[in-house]
Amino acid sequence: MGASGDASTIPAPPRMTVKLTVNGIPTALHVAPWTTLLDALRDHLDLTGTKKGCDHGQCGACTVLVDGRRINSCLTLAVMKDGASVTTIEGLEKDGVLHPLQQAFIDHDAFQCGYCTSGQICSAVGLISEGKARTADEIRELMSGNLCRCGAYPNIVAAIQQAMKHS
Amino acid sequence: MINFEYARASDVADAIRRKAADPAAKFIAGGTNLLDLMKDDVERPPRLIDISRLPLTSVEQTAGGGVLIGALVPNSDLAYHPLIQRRYPLLSSAILAGASQQLRNMASTGGNLMQRTRCAYFYDVATPCNKREPDSGCSAIEGINRGHAILGTSTSCIATHPSDMCVALAALDANVHVAGPKGGRVMPLTDFHRLPGDTPQTDSNLGPEEIITGVELPSPGFAQNYSYLKIRDRLSYAFALVSVAAALELDGDTIKDARLALGGVAHKPWRDKAAESALRGAGADEAAFGRAAELLLHGARAHKHNAFKIKLAHRAIVRTLTQAAMATPQSQSIKKIR
């Protein structure tokens with residue numbers, strides 16, 4: 001690396017300013033172009049509730065809501081989301097009251113180790129607002145982007161069904 | 001991932017200019033495949049041109065009775081678009097068979113066409129791969145090739161194209177609208193992707209300075225008799241071993257028109273007009289479907305681990321055509337195959 005003068009030798013470009021509204025709070029970040037939204041949230045804003053699992057869009061642990069839509073924050077760059085509103089797991093409770101999905105996950109014991117849980121819950125918030133899932137089969141299919149290696153799937157589906165009833 | 005520069009294109013012409021100025025640059029829209037490949041050092045662009053804000057996000061009826069889909073329409077929006085659900089349910093179904101909802105929310109229509117193979121050797125920079133590093137050799141031909149192609153392969157590459165959406169687009173005779181320094185052109189989707197031959201590094205016939213602006217569907221949507229059946233190792237969120245897009249136009253029990261395309265078996269969505277011709281005028285029965293399957297799989301050649309795909313594809317074709325004929329399309333949420 002380096003001797004051939006390939007792309008890896010180009011100097012680090014200057015950091016770029018990115019304005020985001022994160023959990024309702026306007027924020028300006030100075031990040032390198034290659035900073036993913038996930039790394040910006042965790043490393044620049046100390047919002048470590050959003051988890052890095054595979055970092056390749058295969059596990060869903062990094063799921064957040066951008067302008068109300070659930071996405072994998074590991075597969076987008078912070079600079080691409082300039083001007084966007086981001087909601088993470090930290091932004092779901094209101095005035096000390098848990099979001100109905102957070103409460104439902106507790107009520108149904110919908111996790112064991114908890115590493116996938118923030119992604120599961122953010123994904124389920126997106127699922128409910130999309131309004132495409134009614135049955136358990138449809139919930140399972142539309143939640144398939146969130147893996148749970150502890151295998152808490154039946155309880156996750158039950159928790160989402162409980163929250164859907166109250167949405 | 002290497003360091004790179006980032007710029008945002010202000011319009012399509014600006015995007016084309018920026019690409020022409022730096023041929024090693026890459027367009028980024030959804031980013032779901034490109035960033036994944038960059039993290040693994042498979043793609044090493046010195047510059048990204050962000051096209052995600054270009055105004056290519058509409059789904060509109062055309063004067064000719066078809067529908068023009070902007071290149072930046074997210075996969076999820078397209079799958080759930082009322083016009084697509086009503087007139088082209090085969091396309092909706094195929095899109096919903098692929099990826100996860102998070103990825104479909106990010107991934108664009110044009111990006112779906114441009115996604116690269118998920119061949120494990122292509123992804124592993126420690127192994128030879130003619131697609132990643134021309135003339136370095138193919139690790140899959142003598143390696144683990146269970147998921148690889150059975151049709152249209154070459155001695156250089158046996159990778160498959162991973163898209164579900166493109167299989168439906170191929171069956172629906174979609175056209176790809178592209179723009180470049182010399183203006184725009186339109187090419188059939190079936191000519192967009194190419195077979196590997198001895199240049200597997202080139203996935204498509206898109207020019208290096210061109211950009212996809214949209215995908216156009218002609219009027220016939222086969223909304224009555226269609227099915228998209230995807231066979232994979234787990235029930236959701238996995239790439240196809242074999243997938244089938246089938247669309248029929250029936251006159252009673254007689255087939256007036258037929259479309260048939262396969263995914264997961266070749267370097268591009270696989271269509272063969274001979275198979276469709278054989279269906280036209282035939283009765284919609286298992287014998288006719290079996291003959292079509294044989295014609296579509298003509299020339300199929302297995303490698304060490306993927307011989308099962310030939311029989312699997314045959315059965316999947318017959319089953320999908322049966323589902324289409326009976327107007328009982330495969331559900332993408334209830335996974336039981338009827």
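All values derive from a computational prediction rather than experimental measurement. (Residues numbered from 1 in each chain as written. Chains lettered and ligands numbered in written order. Predicted model: local features only at pLDDT ≥ 70, side-chain atom pairs only at ≥ 80, totals over all residues.)

A separate point is the overall build of chain A. Scanning chain A from terminus to terminus reveals 5 helices and 5 strands. For chain A, the α and β elements follow one another from N to C terminus as β-β-α-β-β-β-α-α-α-α. Over its C-alpha atoms, taken along the principal directions, chain A stretches across nearly 60 × 35 × 25 Å. Taking all 167 residues of chain A together, the buried fraction comes to 45%. Counted over contacts in chain A with a minimum sequence separation of 6, partners at least 24 positions apart contribute 58%. (Helix = DSSP H or I, 4+ residues; strand = E, 2+ residues; numbered from the N terminus. Buried ≥ 20, exposed ≤ 12 C-beta atoms within 10 Å, placed from the backbone. Contact = placed C-beta atoms within 7 Å.)

Axis angle and axis distance: for two packed helices, these are the angle between their axes and the distance between the axes, and together they describe the pair. All names here are of chain B. Their axes nearest at 9 Å, the elements helix α12 (residues 286-296) and helix α13 (residues 308-325) cross at an angle of 135 degrees. Taken together, α12 and α13 sit at an angle that is classed as oblique. Considering how the two elements wind past one another, α12 and α13 form a crossing that is right-handed. Note on element contacts: α13 touches α12 through His314, Ile317, Val318, Leu321 and Thr322, opposite Glu286, Phe289, Gly290, Ala292, Ala293 and Leu296. Here the residues of the contact of α12 with α13 are counted per class, giving 7 nonpolar, 3 polar and 1 charged. (Axes fitted to C-alpha atoms, helices over the stretch in contact; angles between N-to-C directions. Parallel < 35°, antiparallel > 145°, perpendicular 65-115°, else oblique. Left-handed = near helix turned anticlockwise from the far one by under 90°. Nonpolar A, V, L, I, M, F, W, Y, C, P; charged D, E, K, R; others polar.)

Residue and element names in this part refer to chain B. With respect to the helices, strands and loops of the structure, Ala223 is situated in the loop between β8 (211-217) and β9 (225-231). In the structure, Ala223 is positioned 64 residues away from Ala159 in sequence and 32 Å away in space, judged by C-alpha atoms. Beyond its immediate chain neighbours, meaning those up to four positions away, Ala223 contacts Arg86, Arg87, Tyr88 and Pro89.

Turning to the domain arrangement of chain B, a few remarks are in order. What the domain assignment reports for chain B is domain 1 (5-53) and domain 2 (225-325). Relative placement of domain 1 of chain B and domain 2 of chain B: their C-alpha centres are 36 Å apart. (Domains from an automatic or database assignment.)

Our next topic: the nonpolar core. Core analysis: the biggest nonpolar cluster contains 152 residues, and B:Leu90, B:Ala168, B:Ala245, B:Ala292 and B:Ile317 have the highest contact counts within it. Each residue touching B:Ala292, except ones within four places of it in the same chain, is listed here: B:Leu260, B:Ala275, B:Ala278, B:Leu279, B:Ile317 and B:Leu321. (Core = buried A, V, L, I, M, F, W, Y, C linked by C-beta atoms within 7 Å.)

Quick look at the pairing of strand β4 (residues 69-72) of chain A now. All names here are of chain A. The sheet contact formed by strand β3 (residues 63-66) and β4 spans 4 bridges and is antiparallel. Bridging from a neighbouring strand, Val64 pairs with Ile71 of β4. The loop that links β3 with its antiparallel partner β4 comprises 2 residues; one of these, Asp67, has a positive phi angle of about 50 degrees. (Pairing = 2+ DSSP bridges.)

Sheets are built from strands that pair by backbone hydrogen bonding, the pairs being arranged parallel or antiparallel. All names here are of chain B. Taken in spatial order, the 5 strands line up as β4-β5-β8-β6-β7 in an open sheet, and their pairing is antiparallel. Two strands bound the open sheet, and with one partner strand each, they are β4 (59-61) and β7 (183-188). Averaged over all pairs of adjacent strands, the angle between strand axes in this sheet comes to 25 degrees, irrespective of strand direction. Where strand β5 (residues 67-70) meets β8, 4 bridges bridge the pair, whose relative direction is antiparallel. Paired with Ile69 across the strands is Val215, a residue of β8. With respect to the sheet, helix α1 (residues 12-21) is in contact with β6 (175-180) and β8, its orientation differing from that of β8 by roughly 130 degrees.

On to helix α5 (residues 153-165) of chain A. Residue and element names in this part refer to chain A. Taking 1.5 Å per residue, 13 residues should reach 18 Å; α5 reaches 19 Å between its end C-alpha atoms and fits that length. Along α5, the residues that are buried comprise Ile156, Ala159, Ile160 and Ala163. Each buried residue of α5 lies within a common arc of 95 degrees when the element is viewed along its axis, so the set occupies one face. Across from the buried face of α5, at angles greater than 90 degrees, the exposed residues are Pro154 and Lys165. Along its buried surface, α5 packs onto α2 (100-107), α3 (117-130) and α4 (136-142). (Expected span 1.5 Å × (residues − 1). Arc of directions from axis to C-beta.)

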